[in-house]
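Below, each chain spelled out in residue letters.
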Amino acid sequence: MLQEHFDYINKDGVSTNIGPNAREILLQLAEEEFNRGNLENSIFHQIRLLYQSAQERYRPMHFKKDNSKSKTINVDELLAQMNADEKADLPNNALIQYALKTFKENPQEKVNSSDPCDIFREISDPSDGVKQIQDICKQMPEGTFTWLCKGFNTLSTYSKYSKIHESDAAIYLTILRHIRTCDYPKPICLRFTGVGQKELFNKFACIVDRFKQCVEGNHKKWSTVEDKQHYWKLLGELNNFIALAVADLKSFLFPWSFLFTGIPNTVFTAGNNIYELWRNIDTFCDQYQWNDQSRVLLSLAALNAHSLTNMQIEDVCTSLTDDSKQRAKAFDLLEQIQEQQQLKTAVVDLPKNDDNRYFPCVLIVDERLDHFYWEEINIWQEFTRASSFQSLWRLYYYYRKNIEHGYVKVSITDGACLVNPDKNLSKMELRMSTFFDYWLPHWKKIVARKPTNEEFFKDLLARSCYVYTGHGSGLQYINGRNISKHVLRPVVFLFGCDSCRLHTNGLYSELIGAHLYYQAAMCPAVVGTIMPGLDANMDRVATEILSRWIAPNSANILPWNEVEMTSWIKKGIIEPAIHSPKCNKNSQSPSPGSSNMGSLCAVLARVHQRNGESKLYNTVPYVCRGLPVWNCHVEPLTFN
């Protein structure tokens, strides 16, 4: 019966959306194939299930691969269609001669009329699907692409979404692209399950509700010291609860949490010993006839051996082989590699002192796992999220000519912001208005009023950057479908509660989010939150992100990290902090741009490292969705 359902889903080579059934059928097939040991089939069904035809609603217009005309001009065809008079006039017509010469020297790329986003449109065989995935991954730039999918659970199929959040199931982790993809292109897949999974899902499902319980009510009535102490006590308990949830997630993934580490950019530099490392791994695997997946996993463990504990190494080896002799040999090999790596990094802690040590890691996250704080597994790693492999490929294809070292190169020289359009966040309005007036006075600003539809597209979204600060995501002022009908290029920041959180309009419908509309319009990256936040803390994080990633309007102003935060947060006053060099007449203040970073994902990693904000409930919500972007205006994109 499952095969009949699958055939219906792929009827006529088109994804037929039949509500939750299509997803559950594919998910059940993925689980059955994994249990049979058919990893390729399981991977195909997992990737296939996240892209249903319902996502076509975000893209009402056909996507053209060359972003220009839909027809290719063929010089020979034009010449063949000429009549006798035109042919006779051709030698004396300088303009036509020039045009024909130009078309011959610069032939346009042929355009496929079908949309390249649904990569499985004509594919129903899993082997062909996995080969398609491999071919696409070969075209991707440097970086790691990790797939996260929640397993099958019959009871959650027709439940309310809150119950689907709570329902326990296995977690599939598939690495589509890794450091050894060129030699071993097949994706590798692991399944995590255990007695603690139900508690894990319960914890992450209730964090947002616990936060709302902490901050609900009229704070103006909390006038006594006891009331304020109780408020902060609740938030302190929430902070501890989030820390425990993150720790449980790491334990659930043990010993493979190191898979949330990207490719070191040093592997492509002269003098590295990466090829020697692979020779040692391959010699070992050839000797004991290990399969490709085990070989790749052992390679990734070896690459990150310096960060592993002996218990992790032992568990990795236990997972890879049942043979006690081979297990002991593998342990000795990884321990030897670990000692060599630790000797090289003994002088300086590279992960903490070299912001560009790893290429970005793209997490393709199942909507049922999107509320997890995956970035917390490795806070030194640069992450960005995608909703499906297909939508990620669409963005990469669109920006492919402007991608270098895994980043989309952008230059943020202008921008626009929409601040407090509802006019009911007066303190936030004061803080953010003074920041923009101080740091980016040349930007277009709309403050304390709702923009018109024309202003949205002419003044706000027509620039290289757009920032929204207010309630939610700002979609209450503009229809998401209107956004998706355009082709837009700004990097988008949505600083509001739940601004990038997925939510549902029905019991078990496909989830929706503001970022899906912006990325349907080809915005390369969207930064937002996946849970509510506190106004003052959100403003502080927002200005930390923006000031780190975007250069100030003038080189003579005070660097933002030297501003007295208390005065700014409480009164909107910008003045030097006591420790600022500006307060010392005999010292020279560094340039405001000296702390700027080109990689937006690296700036967000600093937030997760608790630089500035120390509480988890103020830092874990921030995620980047889309492609890794690099602001060349503040730092050149170069790697040694």
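The numbers attached to residues start from 1 for each chain and follow its sequence in the written order. The predicted nature of this model means local features are confined to residues of pLDDT at least 70 and side-chain atom pairs, given and counted, to a pLDDT of 80 or more, with totals for whole chains, interfaces and linings taken over all residues. The side-chain figures draw on all heavy atoms in the structure; neither hydrogens nor water molecules are used.

Condition: UniProt positions are given in the numbering used here, feature names are shortened, and annotations may be inferred rather than shown by experiment.
If you check an unreviewed UniProt entry, the protein appears there as separase from Glossina palpalis gambiensis. UniProt, in the comment section headed Catalytic activity (unreviewed entry), describes the protein in these words: "All bonds known to be hydrolyzed by this endopeptidase have arginine in P1 and an acidic residue in P4. P6 is often occupied by an acidic residue or by a hydroxy-amino-acid residue, the phosphorylation of which enhances cleavage."

## Some remarks on the overall build of the protein
Filter applied, for reference: The numbering of helices and of strands both runs from the N terminus, where a helix is a DSSP run of H or I of at least 4 residues and a strand a run of E of at least 2. Should any heavy atoms of two residues lie within 4.5 Å, those residues are considered in contact. All accessible-area figures derive from a Shrake-Rupley calculation using a 1.4 Å probe, and residue coverage is judged against the displayed protein chains alone.
Helix and strand counts for the protein stand at 23 helices and 14 strands. In the protein, the proportion of contacts linking residues at least 24 apart, taken out of those at least 6 apart, comes to 77%. Accessible surface, the protein: about 28,700 Å² in total, of which carbon and sulfur atoms supply 49%.

## Describing the sheet that holds strand 6 (residues 403-404)
Operational definition: DSSP calls a pair of strands paired once it identifies at least 2 bridges connecting them.
Overall, mixed pairing links the three strands, which are arranged 6-7-14 in an open sheet. The open sheet has two edge strands, strand 6 and strand 14 (629-631), and neither has a second partner. Two strands pair when backbone bridges link them, and strand 6 and strand 7 (residues 407-410) are joined in this way by two bridges, in the antiparallel orientation. Looking at strand 7, one finds that E404 is bridged to Y407.

## With respect to the packing of aromatic side chains
Operational definition: For Phe, Tyr and Trp, rings pair up if their centres lie within 6.5 Å, where Trp contributes its six-membered ring, and each pair is then called stacked (planes under 30 degrees apart), edge-to-face (over 60) or tilted (otherwise). Note on classification: 1.4 Å probe, protein chains only; a residue is buried when its accessible area is under 20% of the maximum for its type, exposed when over 50%, partly exposed between these limits.
Counted by the stated rule, this structure contains 25 aromatic pairs. Here F145 and Y396 contribute two aromatic rings whose centre-to-centre distance is 5.8 Å and whose plane-to-plane angle is 75°, an arrangement assigned as edge-to-face. Of this pair, F145 sits in strand 1 (residues 144-150) while Y396 sits in helix 16 (residues 389-399); the two residues are 251 residues apart in sequence, bridging distant segments of the chain. Comparing F145 with Y396 shows no difference in burial state: the two are buried.

## Some details on the nonpolar core
Rules: Each nonpolar core is a collection of buried residues, namely Ala, Val, Leu, Ile, Met, Phe, Trp, Tyr and Cys, held together in the definition by side-chain atoms within 4.5 Å. Residue ranges assigned to the domains are those given by an automatic or database domain assignment.
The biggest cluster of nonpolar side chains holds 97 residues, and the ones touching the most others in it are W374 and Y466. The leading source of residues in this core is helix 10 (residues 225-252), at nine residues. Counting residues domain by domain, this core receives three or more from each of domain 2 (264-347) and domain 3 (389-631). Among residues more than four places away in sequence, those in contact with W374 are L148, I171, L249, L253, F260, L363, V365, L369 and R385.

## A closer look at the pairing of strand 3 (residues 188-192)
Of all five residues that make up strand 3, four are buried, and the element is covered over most of its length. Bridge count between strand 2 (residues 171-177) and strand 3: five bridges; the pairing is antiparallel. Counterpart to I171 in the pairing with strand 3 is F192.

## Observations concerning unusual backbone geometry
Residues F254 and P255 are joined by a peptide bond in cis, for which omega reads 5°. You can see P255 is positioned in the loop between helix 10 and helix 11 (274-288). Notably, H405 is not glycine yet its phi reads approximately 55°, a positive angle. Examined against the element boundaries, H405 turns out to sit in the loop between strand 6 and strand 7. Using a relative accessible area of 24% as the deciding quantity, one classes H405 as partly exposed. Even without glycine at this site, N420 takes up a positive phi of about 45°. Position of N420 relative to the elements: it lies in the loop between strand 8 (416-419) and helix 17 (426-439).

## Brief notes about the environment of K329
Tracing the chain through its elements places K329 in helix 14 (residues 324-344). When its relative accessible area of 42% is taken as the criterion, K329 is described as partly exposed. For the pair formed by K329 and F284, sequence separation is 45 residues and the distance between their alpha carbons is 8.7 Å. Here K329 is in contact with F284 and Y288, once residues within four sequence places are set aside.

## Quick look at the packing of helix 13 (residues 310-320) against helix 14
Let me state the cut-off plainly: All axes are obtained by fitting lines to C-alpha atoms, using only the stretch in contact for helices, and the reported angles, taken between N-to-C directions, cover 0 to 180 degrees. Should an angle fall under 35 degrees it is taken as roughly parallel, and over 145 as roughly antiparallel, whereas 65 to 115 is taken as roughly perpendicular and any remaining angle as oblique. With the far helix as reference, a near helix turned anticlockwise by less than a right angle produces a left-handed crossing, and one turned clockwise produces a right-handed crossing. Residue classes follow a fixed rule: Ala, Val, Leu, Ile, Met, Phe, Trp, Tyr, Cys and Pro count as nonpolar, while Asp, Glu, Lys and Arg count as charged, and any other residue, Gly among them, counts as polar.
Axis separation between helix 13 and helix 14 bottoms out at 9 Å; the angle between their running directions is 140°. With respect to their mutual orientation, helix 13 and helix 14 come out oblique. Relative to helix 14, helix 13 is oriented so that their crossing is right-handed. For the pair helix 13 and helix 14, contact is made by N310, I313, E314, V316, C317 and T318 and by R327, A330, F331, L334, E335 and Q338, respectively. Residue composition of the contact of helix 13 with helix 14, by class: six nonpolar, three polar and three charged.

## Description of the confidence of the model for the protein
We count it as follows: The pLDDT score gives, residue by residue, the confidence of the prediction method on a 0 to 100 scale.
For the protein, mean pLDDT is 85; residues scoring 70 or higher make up 82% of the total. Across residues 60-71, confidence stays below pLDDT 50; counting only partners more than four residues off in sequence or on other chains, it has 24 contacts. For the stretch residues 109-114, pLDDT sits under 50, and the model shows 12 contacts to residues farther than four places along the chain or on other chains.

## Description of the pattern of salt bridges
Note the threshold: We count a salt bridge whenever a side-chain nitrogen from Lys or Arg sits within 4 Å of a carboxyl oxygen from Asp or Glu.
What the rule picks out here adds up to 22 salt bridges. Where D286 meets R295, a salt bridge forms, and the shortest distance between an N and an O atom there is 2.8 Å. R295 gets classed as buried once you look at its relative accessible area, which sits at 7%. Its salt-bridge partner being R606, residue E544 comes within 3.7 Å of it at the nearest N-O pair. Of this pair, E544 sits in helix 21 (residues 535-549) while R606 sits in helix 23 (residues 600-608), and the two are 62 residues apart along the sequence.

## Digging into the packing of helix 11 against helix 12 (residues 292-303)
Contact pair helix 11 / helix 12: the axes reach a minimum separation of 10 Å and the direction vectors enclose 140°. Taken together, the axes of helix 11 and helix 12 lie oblique to each other. Both helix 11 and helix 12 take part in a crossing whose hand is right-handed. Of the residues in helix 12, those touching helix 11 at I274, L277, W278, I281, D282, F284, C285 and D286 are R295, L298, S299, A302 and L303.

## Re helix 10
Note the cut-off: In this analysis, the expected span of each helix is defined as 1.5 Å times one less than the number of residues it contains.
The terminal C-alpha atoms of helix 10 lie 40 Å apart, and with 28 residues this matches the ideal 40 Å at 1.5 Å per residue to within 8%. By the burial criterion, the buried members of helix 10 are Y231, L235, L238, N239, F241, I242, A245, V246, L249 and F252. Of the surrounding secondary structure, the elements contacted by the buried residues of helix 10 are strand 2, strand 3 and helix 9 (197-215).

## Thoughts on the state of the cysteines
To keep things clear, this is the line we draw: Only a pair of cysteine sulfur atoms within 2.5 Å counts as a disulfide in this structure description.
Under the defined criterion, the tally for this structure stands at zero disulfides. For the unlinked cysteine C624, the closest cysteine sulfur is that of C601, found at 4.4 Å. Assessed through its relative accessible area of 2%, C624 is described here as buried.

## Observations regarding the pairing of strand 9 (residues 444-447)
Where we set the bar: By convention, orient the strands away from the viewer: a clockwise path from the first strand over the helix to the second makes the crossover right-handed.
With four bridges joining them, strand 8 and strand 9 adopt parallel strand pairing. Of the residues in strand 9, the one forming a bridge with A416 is K444. Handedness of the crossover is the feature at issue here: the chain leaves strand 8, passes through helix 17, returns alongside strand 9, and the resulting connection is right-handed.

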